[in-house]
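# Inside the fold
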Amino acid sequence: MPPGEHPNPPCSPPTMTLLNTMDRILYESQRQGRISFYMTNYGEEGTHVGSAAALDDTDLVFGQYREAGVLMYRGYPLDLFMAQCYGNVSDPGKGRQMPVHYGCRDRHFVTISSPLATQIPQAVGAAYAIKRADANRAVICYFGEGAASEGDAHAGFNFAATLECPIVFFCRNNGYAISTPTSEQYRGDGIAARGPGYGLMSIRVDGNDVFAVYNATKEARRRAVAENQPFLIEAMTYRIGHHSTSDDSSAYRSVDEVNYWDKQDHPISRLRHYMLNRGWWDEEEEKGWRKSSRKMVMEAFEQAERKLKPNPQLLFSDVYREMPPHLRRQRAALERHLQHYGEHYPLEHFEK
């Protein structure tokens, strides 16, 4: 590629740095009491962008809860990320989910569910349906190495292999299952080593090398679609941030350990240095992009804060096609309660 010419994705840093900026602002927002919960993606951005760039736009994504970069790479707008975390009237989930539980039908991203590993057998079922429909698509299912200890992982791996489903299992091995290090999670050789026992093609990659992740995912997807061959990828990375805003990782790991990964082996820094050396990026572009990306995030953040919360009546809708008697009784009870005690609730912040 000629000097000065920008490469194709996944070689450009905007998605990873934009995600990083959004993480910082929403993390601080939670710390200030503006939202109830948040999970950052610090250190794992390369696994998101490298894998997302290797997929077709119609491939179905099942995430765990730390794959916001995949959805961002597919063009999910900042205002909807913010709307979901704030649970305001623009939230497609109508404020019913806790923050970071994104979902988007148009971008083929299945809504996040909190319980660990439930998405694994669900993703296999979706892949089997795609196979039966001969749809020329794949499913990718993300999970952490901690979730691989769940029984659902065993069921999902076995079903995918025996039914020959077009699925890519993508394990983000970030070193910790909340506070439990990998040394206490398993005695075998990680997650990729389990694949052959199920009949799964498997590979381990450097999850902080966006090109390695891209190449592995691209080949895994090719085999999944062309050969109905399920594939297991274990991407070795590191969770730089706390597990969530409910966690204090300083209680179980050292500052020096975190600093090493943040300063020496960060996927964004590695990609930036590579692009600088190739003449595809420069310091002025870096400064300009960081300034403009922060401006975009702050604009979406301020807009989300100003919006009202959804009408409380939406608590009862969208579960059944016709609302059953017990939900109608609960809705009537809420209405009576608010009529009597409404002054004790901030109803002015909710849509009428």
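Residues numbered from 1 in each chain as written. Predicted model: local features only at pLDDT ≥ 70, side-chain atom pairs only at ≥ 80, totals over all residues. Heavy atoms only, no water.

## A few points about unusual backbone geometry
Note the threshold: Under the DSSP-based scheme used, a helix requires at least four consecutive residues in state H or I and a strand at least two consecutive residues in state E, with every element numbered from the N terminus.
Its identity is not glycine, yet Lys94 carries a phi of approximately 60°, on the positive side. With a phi angle near 50°, Asp134 is a residue other than glycine that sits in the positive phi range. Structurally, Asp134 can be placed in the loop between helix H5 (119-133) and strand S3 (139-144).

## A few points about the environment of His344
Of note, His344 is situated in the segment after helix H12 (325-341). When the C-alpha atoms of His344 and Ser269 are compared, they prove to be 50 Å apart, with 75 residues separating the residues in sequence.

## Structural notes on the side chain of Gln64
Rule in force here: Exposure is judged per residue with a 1.4 Å probe applied to protein chains only, and the accessible area is read against the type maximum: over 50% gives exposed, under 20% gives buried, and values in between give partly exposed. Polar contact criterion, stated in full: a pair of N or O atoms within 3.5 Å, where within protein one must be able to donate a hydrogen and the other to accept it, and residues adjacent in sequence count only if both atoms are side-chain atoms. Should any heavy atoms of two residues lie within 4.5 Å, those residues are considered in contact.
Residue position: Gln64 is located in the loop between strand S1 (60-62) and helix H3 (68-73). According to the relative accessible area criterion, Gln64 is buried, its value standing at 5%. Side-chain polar atoms of Gln64 contact the side chain of Tyr65, separated by 3.3 Å. Of the polar contacts made by the side chain of Gln64, one reaches the backbone nitrogen of Gly144; its length is 3.0 Å. In this structure Gln64 touches Ile112, Ser113, Leu116, Gln119, Tyr142, Phe143, Gly144, Ala147 and Arg172, once residues within four positions along its chain are discounted.

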